[in-house]
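Commentary on secondary and tertiary structure
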Amino acid sequence: MRNLTPVILQAGLKEALTEGGIVEALCVEDAKKVLNVWQGTWRIQLRLGDQTALLVISRGLEPREFKTVTGLISFAVELGLTTVPVPLKTGEKATWTHDAAVEPIP
């Protein structure tokens, strides 16, 4: 098992996810519909065993924040996920794993 620091970059997050890590999408600002776009604020953290790491931008230690549901889902797809739950209320979180795929309903 890898040792985590309190922060992680996107490349490390993707690698840890394929190694069995769990990604959590945390809603830090309620989502609301503005015209045809759902906007809010979400942060991403990785859980690996009892360790956690916050996704940060590569230019500094600021948390990477997603401001739209579209951006959040696009990021999840880049990680290789095909099913992406999205929390909509502040304080809620959704768990993303590679084995969380749901069979489509015919």
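Keep in mind the model is a prediction, meaning the values are calculated, not measured.

The rules behind each value
Residues numbered from 1 in each chain as written. Predicted model: local features only at pLDDT ≥ 70, side-chain atom pairs only at ≥ 80, totals over all residues. Heavy atoms only, no water. Helix = DSSP H or I, 4+ residues; strand = E, 2+ residues; numbered from the N terminus. Buried < 20%, exposed > 50% of the residue type's maximum accessible area, 1.4 Å probe, protein only. Contact = heavy atoms within 4.5 Å. Areas by Shrake-Rupley, 256 points an atom, 1.4 Å probe, with all protein chains shown as cover. Salt bridge = Lys/Arg side-chain N within 4 Å of Asp/Glu carboxyl O. Phe/Tyr/Trp six-rings, centres within 6.5 Å; stacked < 30°, edge-to-face > 60°. Core = buried A, V, L, I, M, F, W, Y, C linked by side-chain atoms within 4.5 Å. pLDDT = per-residue confidence, 0-100. Pairing = 2+ DSSP bridges.

1. With respect to the overall build of the chain
Along its length, the chain carries 2 helices and 6 strands. Listing the helices and strands of the chain from first to last along the sequence gives β-α-β-β-β-β-α-β. The buried share of the chain, taken over its 106 residues, is 35%. Put simply, of all contacts in the chain between residues at least 6 apart along the chain, 54% involve residues at least 24 apart. Carbon together with sulfur atoms contributes 55% to the accessible area of the chain, which is approximately 6,500 Å² in total.

2. Quick word on the pattern of salt bridges
Where side chains of opposite charge bring their charged atoms close, a pairing between them can arise. Inspection of every chain in the model, using the stated rule, returns 5 salt bridges. For Arg 47, the salt bridge identified is with Glu 24, shortest N-O distance 2.5 Å. A residue pair is termed long-range when its members are at least 10 positions apart, and Arg 47 in strand β3 (residues 37–48) and Glu 24 in strand β2 (residues 22–34) qualify at 23 residues. Lys 67 serves as the salt-bridge partner of Glu 65, at 3.5 Å between the closest nitrogen and oxygen.

3. Side note on the packing of aromatic side chains
The final tally for this structure, using the stated rule, is 1 aromatic pair. Considering the side-chain rings of Phe 66 and Phe 75, the 4.9 Å spacing of their centres and the 45° angle between planes classify their relative orientation as tilted.

4. Points about the nonpolar core
In terms of nonpolar packing, the biggest core is built from 23 residues, with Leu 13, Val 23, Trp 42, Ile 44, Phe 66, Phe 75 and Trp 96 touching the most fellow members. Every residue in contact with Val 23, bar those within four places of it in the chain, is listed here: Leu 13, Leu 17, Ile 44, Gln 45, Leu 46, Ala 94, Thr 95 and Trp 96.

5. Quick look at the environment of Val 37
With respect to the secondary-structure elements, Val 37 resides in strand β3. Each C-alpha atom, one on Val 37 and one on Thr 68, is 7.1 Å from the other, the two residues being 31 residues apart in sequence. Val 37 has contacts with Lys 32 and Thr 68, leaving out every residue within four places of it along the chain.

6. Points about the confidence of the model for the chain
Considering every residue of the chain, the mean pLDDT works out to 87; 89% of them sit at 70 or more. Taken element by element, the chain is modelled with least confidence in helix α1 (residues 10–18), mean pLDDT 85, and with most confidence in strand β5 (residues 65–68), mean pLDDT 98. Confidence drops under a pLDDT of 50 for residues 100–106, and excluding neighbours within four residues, the segment shows 4 contacts in the predicted structure.

7. Some points on the pairing of β2
Pairing of β2 with β3 involves 10 bridges; the strand directions are antiparallel. Note on β3: the bridge partner recorded for Ile 22 is Arg 47. Hairpin connection between β2 and β3: a loop of 2 residues separates the two successive antiparallel strands, and Leu 35 in this loop has a positive phi of roughly 55°.

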